[in-house]
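# Examination of the molecular architecture
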Amino acid sequence: MKNKVKQAFSSHCNSLDYSSKTNVHYGVVEGDVGLMLCNAYFYLAYKDEKFMDSCYSLIENLLAKHKVDYSLGYGLTGLAWTVNLFNVNGLLEADAETWLKNVDCLLEEKCLHLIQKRNFDYFSGSLGLLNYFLCRQQNSLLEKVNRLVNSFLNEIKEISEEGLFSYKETLTPGGTTVQLLNLGVPHGVTGIILFLLKLKKTGRDVDYILHPLLEKLWSFQNIDSKPYQFSSFMGDIERGSHLAWCYGDLPILYLFEIITREDSYEKYRKGLDYLYKKTIVRTDYHKDNLTLCHGLPVIVYFFYKLKSIDTKYEKTYNYWKHQMDILYRQYQIDHSDIMRREYWSDFSLFNGFSGYFLVNLTINGYCPDNWDSILLI
């Protein structure tokens, strides 16, 4: 099995021409850091130098880009998060930390500015930068990180749960102005709550903010016959959720499963049992998608994490893993030309093939799971 995963990844990489790529981005949504990350974790799994050679080549290419974008999704923070992860795994030379410290100085003020503007978007706003700083784990950065986190908490407290859950004026792709509430992860309230939970895990006192937000989120449950329990959008346009990371339902299940382990949140337990039963039988998922954002790999990965918390998720995890394996084989057999031309030519972490291989390596125990901080878990 281990060699099959390696052969599959190598085969796809060999069919790609890296030099022909013209993507100006270097983030986790658009850009090549996903491929770089894949190569690094394949090196950790197999100790094959060709994977690290590819990493170094990609790093040189990415560092040569000059697009002025500081975000996690499309810019410098995405690259810095990846380089830091390499550093944590002992894959880079000492001068990588020097580069990261220089980048930290740039990102600190940018992050503070975005917090003050109350831009809490994960891919393009302050939340992505905050998660990067939380992942740095450097004692020398503690004061800087605390400054940013305290600024974030002060803004969230001032906005209050009513403000965060209020309908906001939004411009649709078609140019129409509508009032919307986004309950998703990268652009909505659930992402903020997941980050607060991460802060709580570090020992920070955030219950005074987290409690009211959990209460408010819980009040938006659908109790009718809809397959999803939490809408992705509410307001002038209502969009139901899908079983995915970005839409919200899957992370919300994870969020409340984690939080009900504490006695103070026991009141959610009964509702969580209902949410669990409703989620595991879902059929509204992107059946032909193998991305980390909203495809089968992220469904598999969340149930992989959940089964480590409660064995009741074991059967569900096995079911979704089987579905993912079937889809991958179908792509290999039936859609190889289309897959190579359209899907496998995308190198990004969230929207390309990289997420599939990272999930596959991790759930089979071939590499560490510390990359999953990108999912806000």
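Residues numbered from 1 in each chain as written. Predicted model: local features only at pLDDT ≥ 70, side-chain atom pairs only at ≥ 80, totals over all residues. Heavy atoms only, no water.

## Some remarks on the environment of F347
Put simply, the rule is: Helix and strand assignments come from DSSP, with helices taken as H or I runs of at least 4 residues and strands as E runs of at least 2, each series counted from the N terminus. Think of it in three bands: with a 1.4 Å probe and only protein chains considered, a residue is buried below 20% of the maximum accessible area for its type, exposed above 50%, and partly exposed in between.
Note on placement: F347 falls in the loop between α14 (336-343) and α15 (354-363). Its relative accessible area of 3% is what places F347 among the buried residues. Between the C-alpha atom of F347 and that of C38, which follows or precedes it by 309 residues, the distance is 9.6 Å.

## Looking at the side chain of S126
Threshold: Pairs of N or O atoms are called polar contacts if they sit within 3.5 Å, as long as, within protein, a hydrogen donor faces a hydrogen acceptor (for residues adjacent in sequence, only side-chain-to-side-chain pairs). The contact criterion used throughout is that any non-hydrogen atoms of two residues lie within 4.5 Å.
Tracing the backbone through its elements, the reader meets S126 in helix α6 (residues 126-136). There is a polar contact of 2.7 Å between the side chain of S126 and the backbone oxygen of N119. Apart from residues no more than four positions distant in its own chain, S126 is found in contact with C111, L114, I115, N119, F120 and D121.

## Structural notes on the nonpolar core
What counts here: Only buried residues count toward a nonpolar core, which is a set of Ala, Val, Leu, Ile, Met, Phe, Trp, Tyr and Cys residues joined through side-chain atoms within 4.5 Å.
Within the largest apolar cluster, 133 residues are counted, with the highest numbers of intra-cluster contacts made by F152, W245, W371 and L375. In terms of residue count, the dominant contributor to this core is helix α2 (residues 33-46) (12 residues). Filtering out sequence-adjacent residues up to four positions away, L375 remains in contact with W245, L292, V298, Y301, F302 and F350.

## Some thoughts on the pattern of salt bridges
Formally: Any carboxyl oxygen of Asp or Glu within 4 Å of a side-chain nitrogen of Lys or Arg constitutes a salt bridge here.
Under the defined criterion, the tally for this structure stands at 19 salt bridges. Notably, a salt bridge pairs K216 with E162, separated by 3.3 Å at the nearest N-O pair. Here the residue K216 occupies a position in helix α9 (residues 207-218), and E162 occupies one in helix α7 (residues 142-164), the gap between them amounting to 54 residues. The partner of K312 in a salt bridge is E257, and the shortest N-O contact between them spans 3.7 Å. Taken together, the residues K312 in the loop between α12 (296-307) and α13 (314-334) and E257 in helix α10 (residues 249-259) connect sequence positions 55 residues apart. By relative accessible area, which is 0% here, E257 ends up buried.

## Thoughts on the packing of helix α5 (residues 95-116) against α6
The following threshold applies: For every element, the axis is a line fit to its C-alpha atoms; helices are fit only across the contacting stretch, and the angle between N-to-C directions ranges from 0 to 180 degrees. The scheme is simple: roughly parallel for angles under 35 degrees, roughly antiparallel for over 145, roughly perpendicular for 65 to 115, oblique for anything else. What makes a crossing left-handed is the near helix being turned counterclockwise from the far one by less than a right angle; a clockwise turn instead makes it right-handed.
Viewed as axis vectors pointing N to C, α5 and α6 meet at an angle of 140°, and their least axial separation amounts to 9 Å. Overall, the two elements α5 and α6 adopt an arrangement that is oblique. Classified by chirality, the crossing of α6 by α5 is left-handed. On α6, the residues touching E97, L100, K101, D104, L107, E108, K110, C111, L114 and I115 of α5 are S126, L129, L130, Y132, F133 and R136.

## A look at the environment of L196
Position of L196 among the secondary structure elements: in helix α8 (residues 189-201). For L196, a relative accessible area of 0% translates into the label buried. With 14 residues separating them along the chain, L196 and L210 place their C-alpha atoms 6.6 Å apart. Not counting the four nearest positions on each side in its chain, L196 is found in contact with F152, L153, V206, I209, L210 and L213.

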